[in-house]
Structure formats: structure tokens, C-alpha cells
Amino acid sequence: MDQKTSQERLQMQHLIHATATSKIVGTLLAAVIVYKLQEVIATFAVIAWFLLIVFTALVQVALVIAFRRTPAEDYSTTHSRLVQFRLGILFSGLVWGSAGLILFPTNDPPHLMFLILVLAGITSGAMISYAVDLVSSLGFSILALSPLVVSLFLSADSLSIAMGAAATMYLGFILMSARNMNRHLIENITMRLDATEREETVRASEERYRLLLTHTP
């Protein structure tokens with residue numbers, strides 16, 4: 001197995017390992033949003049959004065189960081699965097981001113602060129969980145927070161604009177942190193693969209030496 005395939009296989013393992021916890025926590029947070037925002041947002045919109053969150057989580061869990069049952073060894077299959085997983089993560093970020101538009105509580109600062117807190121938290125958690133894959137980490141963060149930032153700036157009052165500016169700076173911080181974490185994780189993966197390759201080379205050399213000694217008259 002070449003190093004590129006091994007690297008993407010390890011990336012997939014990290015993403016799969018993070019999926020179960022992130023989906024459980026995300027669904028619970030979505031339920032809390034539904035409970036609180038149904039007071040100020042139309043019930044149909046809140047329930048429809050929650051069902052999308054649950055659907056996205058079930059699809060990603062189904063992918064995890066399918067991938068674990070049939071491990072991939074070749075590059076094309078590994079890369080194809082990584083792309084599928086990325087699309088699932090990006091779609092999840094898009095659904096979370098839609099809360100910043102369809103669940104935006106206009107002229108209601110307490111509920112607005114609650115929504116901002118939850119979206120900032122879910123973005124931070126996703127950034128850490130998906131940091132091993134830069135596309136997933138950056139994509140989720142941008143899709144989850146950008147609609148909220150737009151809604152804040154469109155509100156036009158001074159408080160919303162200030163919160164929009166703060167959210168924009170927070171998003172920038174998240175993106176820089178995701179890039180740094182990804183660089184360190186990829187470096188660690190590369191070092192691990194190099195060490196494994198050196199061990200295999202030494203083991204093969206020892207085996208050849210042992211065979212030489214065994215068959216020498």
C-alpha cells in the first residue's frame with residue numbers, strides 16, 4: 001500500500017471514529033434548539049430543520065457502518081469513500097448553517113444569543129473532530145457560521161452588526177485554528193507512516209540476513 005493510500009485510510013479512520021460522538025452530541029443540541037426556538041419560530045420550520053439534522057446524522061452513521069464492514073485497501077476505493085464522507089460532512093454543515101437563516105429570531109436578543117452560542121459550539125466541536133481532513137473542517141465551519149453572520153449584518157441594528165463582526169472574527173479564528181491543527185495531524189500521520197515503513201524495511205533486511213545465515217554451508 002503506497003503512502004497516499006495509507007494517509008487517506010488513516011484520515012478516514014479518524015473521521016469515522018469522530019462521527020459517532022459528534023452525531024449524538026449534534027442531535028441532542030438540535031433537540032435543545034427545537035425546544036427553545038419553537039417559542040419564537042414557526043413550529044413547522046423548527047421541526048423540518050430538526051428532521052434534516054436527524055436524516056443527515058443517520059446517513060453518516062450508515063456510511064460508517066458500511067465502510068467498517070468492507071475495509072478498503074486500494075487508493076481509488078479509499079479516496080472515493082473519503083469524498084463521500086466529505087460530502088456528508090459538508091451537507092451537515094449546510095443544514096446547521098440554515099438555522100442561521102430559517103431559525104433566526106429577529107428582535108429577540110435572548111433567543112438570538114442562544115442560537116449564536118449553539119452554532120459557535122457546534123462549529124468549534126466539528127473543527128476539532130474533523131481537523132484531520134482540511135476540506136471537511138473548513139467546509140463545515142464556513143457553511144455552519146456564514147448564514148448566521150449574513151443574517152446578523154442584514155438585521156441592520158447596531159447590536160446585530162456588532163455581533164456579526166464578532167462572529168466573523170470568530171469564524172476567522174476557527175479557520176486558522178483548523179489549518180494549524182490539520183498541518184500538525186498530517187505531519188504526525190506522515191511520521192507514523194515513515195516509521196512503519198522503516199520498521200518493515202529493517203524487518204525484511206533481518207529476515208534476508210537470517211535466511212542467508214541459515215542456508216550458508
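What you see is a predicted model, and the numbers here were worked out from it, not measured in a lab.

**Student:** What is the right way to read the nonpolar core from this model?
**Tutor:** The nonpolar side chains of a soluble globular protein tend to be buried, and buried together. In this structure, Ile-33, Trp-49, Phe-85 and Trp-96 are the most contacted members of the largest nonpolar core, which totals 44 residues. Only helix H1 (3-37), helix H2 (43-69), helix H3 (75-102), helix H4 (109-129), helix H5 (134-155) and helix H6 (158-215) provide two or more residues apiece to this core.

**Student:** What is the right way to read the side chain of Asn-182 from this model?
**Tutor:** Here Asn-182 lies in helix H6. Setting aside chain neighbours within four positions, we find Asn-182 in contact with Ala-131, Val-132, Asp-133 and Leu-134.

**Student:** Looking at this model, I keep getting lost on the side chain of Ser-136. Mind explaining?
**Tutor:** Among the structural elements, Ser-136 can be located in helix H5. Using a relative accessible area of 0% as the deciding quantity, one classes Ser-136 as buried. Of the polar contacts made by the side chain of Ser-136, one reaches the side chain of Asp-133; its length is 2.5 Å. Those residues in contact with Ser-136 that lie beyond four places of it in its chain are Arg-86, Ile-89 and Tyr-130.

Rules used in this analysis
Think of each chain on its own: its residues are numbered from 1, step by step along the sequence as written. Two thresholds apply to this predicted model, a pLDDT of at least 70 for residue-level local features and 80 or more for giving and counting side-chain atom pairs, whereas whole-chain, interface and lining totals are computed over all residues. Note that the side-chain values use all heavy atoms of the structure and ignore hydrogens as well as water. Throughout, nonpolar core names a set of buried Ala, Val, Leu, Ile, Met, Phe, Trp, Tyr and Cys residues whose side chains join them through atoms within 4.5 Å. Burial classification: accessible surface area is computed with a 1.4 Å probe over protein chains only, and a residue below 20% of its type maximum counts as buried, one above 50% as exposed, and the rest as partly exposed. Secondary structure elements follow DSSP: runs of H or I of four or more residues count as helices, runs of E of two or more count as strands, with numbering from the N terminus. Any two residues having at least one pair of non-hydrogen atoms within 4.5 Å are treated as being in contact. Residues adjacent in sequence count toward polar contacts only when both atoms are side-chain atoms; beyond that, a polar contact is any pair of N or O atoms within 3.5 Å, and within protein one must be able to donate a hydrogen and the other to accept it.

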